[in-house]
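Topology and contacts: notes
So the chains spell out like this:
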Amino acid sequence: MQTSIRHFCLLLGLAGALGCEQKKAPAATAAPAPAPAFEPTQLTQETVIDSLTAYGQAHPHDTLVLISTPKGDIKIRLYKDTPLHRANFVRLANYGFFDKTVFFRVEKDFMIQGGRTDQPNMKIGTYKIPPEIKSPYFHKRGAVGMARYGDDQNPERMSSNRDFYIVQGHPQQEHELEANIREFSLKLTPAQKKIYRTQGGAPNLDQTFTVFGEVVEGMDVVDSIAAVEVDQQKWPVKDVGMKVKVVRE
């Protein structure tokens with residue numbers, strides 16, 4: 001795992017008795033067969049746009065998501081005008097995909113990233129999501145985006161189908177913010193600059209990753225997760241799992 005998200009880019013038993021008299025062993029009762037694991041239709045790059053568009057149209061009001069973790073709950077509002085990303089996240093949440101995943105990369109004062117597990121998990125296909133990068137949405141504290149591989153491998157800037165992140169960030173000093181603006185040729189409004197200086201965020205991710213939602217409750221939980229002990233790969237020493245569900249207003 002690289003250190004920058006820009007390069008982001010894993011009984012059936014028989015019982016019998018023997019005594020002085022032999023008795024006929026009772027017929028064994030077969031254990032019920034386990035229910036097959038549910039697997040959703042696996043999307044492909046050829047089907048992803050039509051499938052997610054249709055799913056989003058079938059779930060137009062699903063914009064609020066609750067992520068329950070051992071540290072507490074995080075409530076996220078998904079943006080309607082990033083429809084493919086919203087539909088993808090809602091679809092995976094409704095299928096229970098995220099419920100066996102963890103926050104697998106944590107960088108204090110930057111972001112927490114989830115959606116993977118080192119255990120077998122539901123197969124969803126190998127598709128990527130076409131970018132929905134919109135200038136009004138920037139990487140302020142609490143922004144929710146999708147990870148992706150870097151431009152050298154992914155010049156279209158398509159998003160991962162499962163790896164999402166929540167920005168923790170830190171307040172930007174004036175010189176730090178201006179350096180980011182110059183280095184990454186950012187076009188920020190005065191209001192966005194003010195938010196970066198006062199609330200914080202990660203402007204180095206702006207205009208290259210799709211932001212598709214924001215935390216509306218539970219930033220203290222994000223801070224708590226960001227503070228956990230991690231190994232050299234930034235994976236928490238003690239797994240931080242999650243349960244994700246769509247909730248109503």
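Presented here is a report on the structure given in the accompanying data block. (Residues numbered from 1 in each chain as written. Predicted model: local features only at pLDDT ≥ 70, side-chain atom pairs only at ≥ 80, totals over all residues. Heavy atoms only, no water.)

Considerations on the packing of helix α3 (residues 174-184) against helix α4 (residues 190-198)
Filter applied, for reference: Note on geometry: axes are lines fitted to C-alpha atoms, helical ones only across the stretch in contact, with angles between N-to-C directions running from 0 to 180 degrees. Secondary structure follows DSSP: runs of H or I at least 4 residues long count as helices, runs of E at least 2 residues long count as strands, and numbering of each begins at the N terminus. Angle categories are assigned with fixed cut-offs, so that under 35 degrees is roughly parallel, over 145 is roughly antiparallel, 65 to 115 is roughly perpendicular, and the rest are oblique. What makes a crossing left-handed is the near helix being turned counterclockwise from the far one by less than a right angle; a clockwise turn instead makes it right-handed. Throughout, a residue-residue contact means that at least one pair of heavy atoms, one from each residue, lies within 4.5 Å. Any residue outside Ala, Val, Leu, Ile, Met, Phe, Trp, Tyr, Cys, Pro, Asp, Glu, Lys and Arg is labelled polar, Gly included; the first ten of those are nonpolar and the last four are charged.
Where α3 contacts α4, the axes come no closer than 10 Å and their chain directions differ by 130 degrees. For the element pair α3 / α4, the angle class is oblique. Along this stretch, α3 crosses α4, giving a crossing that reads as right-handed. In contact with Glu-174, Leu-177, Glu-178 and Ile-181 of α3, α4 contributes Lys-193, Tyr-196 and Arg-197. Residue composition of the contact of α3 with α4, grouped by class: 3 nonpolar, no polar and 4 charged.

With respect to the side chain of Arg-91
Tracing the backbone through its elements, the reader meets Arg-91 in helix α2 (residues 83-95). Excluding residues that lie within four positions of it along the chain, Arg-91 makes contacts with Pro-40, Thr-41, Leu-43, Leu-52, Tyr-55 and Tyr-127.

Points about the pairing of strand β3 (residues 102-107)
Side-chain direction in a regular strand flips from residue to residue, so the side chains alternate between the two faces of the sheet. Just so we agree on the cut-off: Three labels apply to residues, based on accessible area from a 1.4 Å probe with only protein chains included: buried if under 20% of the type maximum, exposed if over 50%, partly exposed otherwise in between. Note on pairing: DSSP must find at least two bridges between two strands before they are called paired.
With 6 of its 6 residues buried, β3 lies for the most part within the structure. As defined by bridge partners, β3 adjoins strand β4 (residues 111-116) across 5 bridges and the pair is classed as antiparallel. Across the sheet, Val-106 pairs through a bridge with Ile-112, a residue of β4. Count of turn residues in the β3/β4 antiparallel hairpin: 3 residues, of which Asp-109 carries a positive phi of about 70 degrees.

Some points on the nonpolar core
Just so we agree on the cut-off: Nonpolar cores are built from buried Ala, Val, Leu, Ile, Met, Phe, Trp, Tyr and Cys residues. Side-chain atoms within 4.5 Å join them into one set.
Of all hydrophobic cores here, the largest spans 40 residues; its most connected members are Ile-67, Ile-74, Phe-98, Phe-164 and Ile-166. At 6 residues, α2 tops the list of elements feeding residues into this core. Once residues lying within four places of it in the same chain are set aside, the contact partners of Ile-67 are Gly-72, Asp-73, Ile-74, Ile-76, Phe-103, Phe-164, Met-242, Lys-243 and Val-244. Of all hydrophobic cores here, the second largest spans 11 residues; its members include Phe-110, Ala-143, Ala-147 and Leu-205.

Things to note about unusual backbone geometry
Among all residues save glycine, negative phi is the norm, and among peptide bonds the norm is trans. One non-glycine residue, Gln-207, lies in positive phi territory at about 65 degrees. Here Gln-207 lies in the loop between α4 and β7 (211-217). For Lys-234, which is not glycine, the phi dihedral falls at a positive 70 degrees. Note that Lys-234 resides in the loop between α5 (219-226) and β8 (243-247).

Focus: the pairing of strand β1 (residues 64-69)
Across the 6 residues of β1, 5 count as buried, placing the element largely inside the fold. Looking at chain direction, β1 and strand β2 (residues 72-78) are connected through 6 bridges and run antiparallel. Across the sheet, residue Ile-67 finds its bridge partner in β2, namely Ile-74. Remark: 2 residues form the turn of the hairpin made by β1 and β2, two consecutive strands paired antiparallel.

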